[in-house]
Amino acid sequence: PFKEAAEGLQLAAADTALARPGASAAELAALPPLRVPAWQYLYKPLEWGGRKAAVLLMNHGKEAAQLTLAFADVPGLGCRACSVRDVWSRKDVGTFNGSVTLGVGSHDCALLVLTHVSPHVARAAA
């Protein structure tokens with residue numbers, strides 16, 4: 001992950017069992033609690049030169065969350081004004097300057113494609 005929440009969530013023993021398939025009940029009981037960040041962001045460059053990247057925003061929490069992605073935080077992404085597409089809904093979210101905020105459901109994620117747009121196009125869309 002290139003960015004994650006400082007606050008973490010402690011998972012129950014049943015969740016830990018998923019991370020350790022085949023472990024006995026005694027082995028699971030001896031393990032420390034598993035902590036995960038409340039949210040994480042992962043990315044993959046899609047074009048050379050920082051013009052396009054895919055970003056996965058994951059909400060590990062029990063409640064829906066408003067997750068904000070600052071374009072400057074995405075490693076190698078060269079745009080400050082980006083066109084944002086939601087891959088799973090197959091919809092263009094819009095053109096944004098600097099960041100975008102999305103509602104992400106509990107234990108859900110959003111997959112976005114960010115594409116560089118020229119600054120004058122971003123100003124016109126704002």
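You'll find the structure just up there.
Below, the structure is looked at part by part. Since the model is a prediction, treat every value here as computed from it, not as a measurement.

## Things to note about the state of the cysteines
Inspection of every chain in the model, using the stated rule, returns 1 disulfide. Between the sulfur atoms of Cys79 and its disulfide partner Cys82 the distance amounts to 1.9 Å. Classification of the bridge connecting Cys79 and Cys82 rests on its S-S torsion, roughly 85 degrees, and on that basis the disulfide is right-handed.

## Observations regarding the side chain of Asn59
Relative to the helices and strands, Asn59 is located in strand E5 (residues 52-59). Of the polar contacts made by the side chain of Asn59, one reaches the backbone nitrogen of Gly61; its length is 2.9 Å. Ignoring sequence-local partners within four residues, the contact set of Asn59 consists of Ala38, Trp39, Ala64, Ala65, Leu67, Val104, Gly105, Ser106, His107 and Asp108.

## Here's the deal with the pattern of salt bridges
Oppositely charged side chains can pair when the atoms bearing their charge come close. All told, the structure shown has 1 salt bridge when counted by the stated rule. Between Arg85 and Asp92 there is a salt bridge, and its shortest N-O distance comes to 2.9 Å.

## Quick notes on the nonpolar core
Leu69, Val74, Leu77 and Leu114 are the most contacted members of the largest nonpolar core, which has 22 residues in total. For this core, the secondary-structure elements that each account for two or more residues are strand E4 (39-45), E5, strand E6 (65-70), strand E7 (81-86), strand E9 (99-104) and strand E10 (108-116). If we skip the residues at most four places from it in the chain, Leu69 touches Phe2, Tyr41, Val55, Leu57, Val74, Gly98, Ser99, Val100 and Leu114.

## Focus on the sheet that holds strand E8 (residues 91-97)
Ordered in space as E1-E4-E5-E10-E7-E8, the 6 strands form an open sheet in which the pairing is antiparallel. Each edge of the sheet is formed by a strand with only one pairing partner; in this case those strands are strand E1 (3-4) and E8. In this sheet, E4 lies alongside E1 in antiparallel orientation, the contact comprising 2 bridges. Within E4, the position partnered with Glu4 by the bridge is Gln40.

## Quick word on unusual backbone geometry
For Arg90, which is not a glycine, the phi torsion comes out positive at approximately 60 degrees. With respect to the element layout, Arg90 can be found in the loop between E7 and E8. A relative accessible area of 68% means that Arg90 is categorised as exposed. Positive phi, normally seen in glycine, also occurs at His107, with a value near 50 degrees. Structurally, His107 can be placed in the loop between E9 and E10. According to the relative accessible area criterion, His107 is exposed, its value standing at 57%.

## A look at the environment of Gly98
For Gly98, the position within the fold is in the loop between E8 and E9. A relative accessible area of 31% places Gly98 in the partly exposed class. Sequence separation of Gly98 and Ala81 is 17 residues, and the distance between their C-alpha atoms is 6.0 Å.

## What to know about the environment of Leu42
Considering the arrangement of structural elements, one finds Leu42 in strand E4. Under the relative-accessibility criterion, Leu42 is labelled partly exposed at 32%. Each C-alpha atom, one on Leu42 and one on Val74, is 8.8 Å from the other, the two residues being 32 residues apart in sequence. Setting aside chain neighbours within four positions, we find Leu42 in contact with Pro1, Phe2, Ala54, Val55, Leu56 and Met58.

The rules behind the values
Residues numbered from 1 in each chain as written. Predicted model: local features only at pLDDT ≥ 70, side-chain atom pairs only at ≥ 80, totals over all residues. Heavy atoms only, no water. Disulfide = S-S within 2.5 Å. Helix = DSSP H or I, 4+ residues; strand = E, 2+ residues; numbered from the N terminus. Polar contact = N/O pair within 3.5 Å; in protein donor to acceptor, adjacent residues only side chain to side chain. Contact = heavy atoms within 4.5 Å. Salt bridge = Lys/Arg side-chain N within 4 Å of Asp/Glu carboxyl O. Core = buried A, V, L, I, M, F, W, Y, C linked by side-chain atoms within 4.5 Å. Buried < 20%, exposed > 50% of the residue type's maximum accessible area, 1.4 Å probe, protein only. Pairing = 2+ DSSP bridges.

Treat this as a map of the structure, not an account of what it does.
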